[in-house]
Amino acid sequence: GAVVSQHPSRVICKSGTSVKIECRSLDFQATTMFWYRQFPKKSLMLMATSNEGSKATYEQGVEKDKFLINHASLTLSTLTVTSAHPEDSSFYICSAITGSPYNEQFFGPGTRLTVL
Amino acid sequence: AQTVTQSQPEMSVQEAETVTLSCTYDTSESNYYLFWYKQPPSRQMILVIRQEAYKQQNATENRFSVNFQKAAKSFSLKISDSQLGDTAMYFCAFTVGAGTASKLTFGTGTRLQVTL
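Each value, and the rule that gives it
- Residues numbered from 1 in each chain as written.
- Chains lettered and ligands numbered in written order.
- Predicted model: local features only at pLDDT ≥ 70, side-chain atom pairs only at ≥ 80, totals over all residues.
- Heavy atoms only, no water.
- Disulfide = S-S within 2.5 Å.
- Helix = DSSP H or I, 4+ residues; strand = E, 2+ residues; numbered from the N terminus.
- Buried < 20%, exposed > 50% of the residue type's maximum accessible area, 1.4 Å probe, protein only.
- Contact = heavy atoms within 4.5 Å.
- Buried area = accessible area lost by both parts, 1.4 Å probe.
- Salt bridge = Lys/Arg side-chain N within 4 Å of Asp/Glu carboxyl O.
- Nonpolar A, V, L, I, M, F, W, Y, C, P; charged D, E, K, R; others polar.
- Polar contact = N/O pair within 3.5 Å; in protein donor to acceptor, adjacent residues only side chain to side chain.
- Core = buried A, V, L, I, M, F, W, Y, C linked by side-chain atoms within 4.5 Å.

Turning to the state of the cysteines, a few remarks are in order. Under the definition given, this model contains two disulfides over all chains. In this model C23 of chain A forms its disulfide with C94 of chain A; the gap between the sulfur atoms is 2.0 Å. Here the disulfide of C23 of chain A and C94 of chain A is right-handed, its torsion about the S-S bond being about 80°. Separated by 71 residues along the polypeptide, C23 of chain A in strand β3 (residues 19-25) and C94 of chain A in strand β9 (residues 90-97) bring together distant segments of the chain. Comparing C23 of chain A with C94 of chain A shows no difference in burial state: the two are buried. Residue C23 of chain B pairs covalently with C92 of chain B via a disulfide, S to S 2.0 Å. An S-S torsion of about -70° defines the bridge between C23 of chain B and C92 of chain B as left-handed.

Below, the structure is given as structure tokens:
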């Protein structure tokens, strides 16, 4: 149980275009999902907390107009990188909380975004 | 603010040997949870082990065990009988609260290489 999927696993886009990344909890309902960004050989940097049916909470320094997050259902959250630029190239990972008392997060396999 | 420190950027261990990865944290909270996550070359984050702060007994999961020293705010991971498949980045992480969605604070990671 507690499987999280992400789609796509890799995406290459041109500068100025928008890219949508999906995060799904496959066998549980997730009222809360998280979006992280990871640079090469670095730790995970939390970008935002996504709550079903409400606006996402963004971390300081993360542009909410650049990184649009929608959590429309209990199993799906999406991250849209708008007007992508090469500096947005990174590895994006989502996670979801199962509702256990331990607050453990289960992670998706990640999406590698390359902006040309 | 909570912080997590992993002072060993890289470590190496021979197959079948034992290795200990260090982690210290800082918090003023009394109720929290600690985790070790593994990120192999596939980059899929995998939960290795968790520890509830209110439990004095150290958590164990097969070959993985922790040494939780609450007063010293230390949470080290011991891997026994190391296997080649243990080669990965290991992240120590911290979250606050019980039963509520809460953010994970990650350390900077330790890259573990298991050699023949």
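More follows now that the structure is in view.
Bringing the interface of chain B and chain A into the picture now. Facing 25 residues of chain B, the contacting portion of chain A comprises 24 residues. Of the roughly 2,000 Å² buried between chain B and chain A, counting both surfaces, carbon and sulfur atoms make up 51%. Connecting chain B to chain A are one salt bridge. When the shortest N-O distance is used, the salt bridge between E59 of chain A and K103 of chain B registers 3.2 Å. Secondary-structure elements contributing two or more residues to the side of chain B that touches chain A are β5 (32-39), β6 (46-52) and β10 (88-96) of chain B. Ranked by residues supplied to the side of chain B that touches chain A, first place goes to β5 of chain B with four residues. Looking at the side of chain B that touches chain A, its residues break down into eleven nonpolar, nine polar and five charged.

Applying the stated criterion to the full structure yields six salt bridges over all chains. For K66 of chain A, the salt bridge is made with D88 of chain A, and the minimal N-O distance between the two is 2.8 Å. One end of the pair, K66 of chain A, is in the loop between β6 (57-58) and β7 (67-73); the other, D88 of chain A, is in the loop between β8 (76-81) and β9, with 22 residues separating them in the sequence. Since its relative accessible area comes to 5%, D88 of chain A is described here as buried. Of the charged contacts in the structure, one is a salt bridge between R63 of chain B and D86 of chain B, with a shortest N-O distance of 2.8 Å. One end of the pair, R63 of chain B, is in the loop between β7 (60-61) and β8 (64-69); the other, D86 of chain B, is in the loop between β9 (74-79) and β10, with 23 residues separating them in the sequence. The class of D86 of chain B is buried, set by a relative accessible area of 3%.

Quick look at the environment of T27 of chain B now. Residue and element names in this part refer to chain B. Relative to the helices and strands, T27 resides in the loop between β4 (24-26) and β5. Assessed through its relative accessible area of 8%, T27 is described here as buried. The spatial distance from the C-alpha of T27 to the C-alpha of K70 is 11 Å, given a sequence separation of 43 residues. Those residues in contact with T27 that lie beyond four places of it in its chain are Q2, Y32, K73 and F94. A distance of 3.0 Å separates a polar side-chain atom of T27 from the backbone nitrogen of E29.

General note: in soluble globular proteins, nonpolar side chains tend to be found buried as a group. Formed by 26 residues in total, the largest nonpolar core has its most connected members in Y25, W36, F75, L77 and Y90 of chain B. Where this core is concerned, the elements lending two or more residues are β3 (19-21), β5, β6, β8, β9, β10 and β12 (110-115) of chain B. The greatest single-element share of this core, amounting to five residues, is contributed by β10 of chain B. Setting aside residues up to four positions removed in sequence, Y90 of chain B forms contacts with Q6, L21, W36, Y37, K38, V48, F64, L77, I79, G109, T110 and L112 of chain B. Counting residues in each nonpolar core, the second largest holds 25 residues, with M33, M47, A48 and V81 of chain A among its members.

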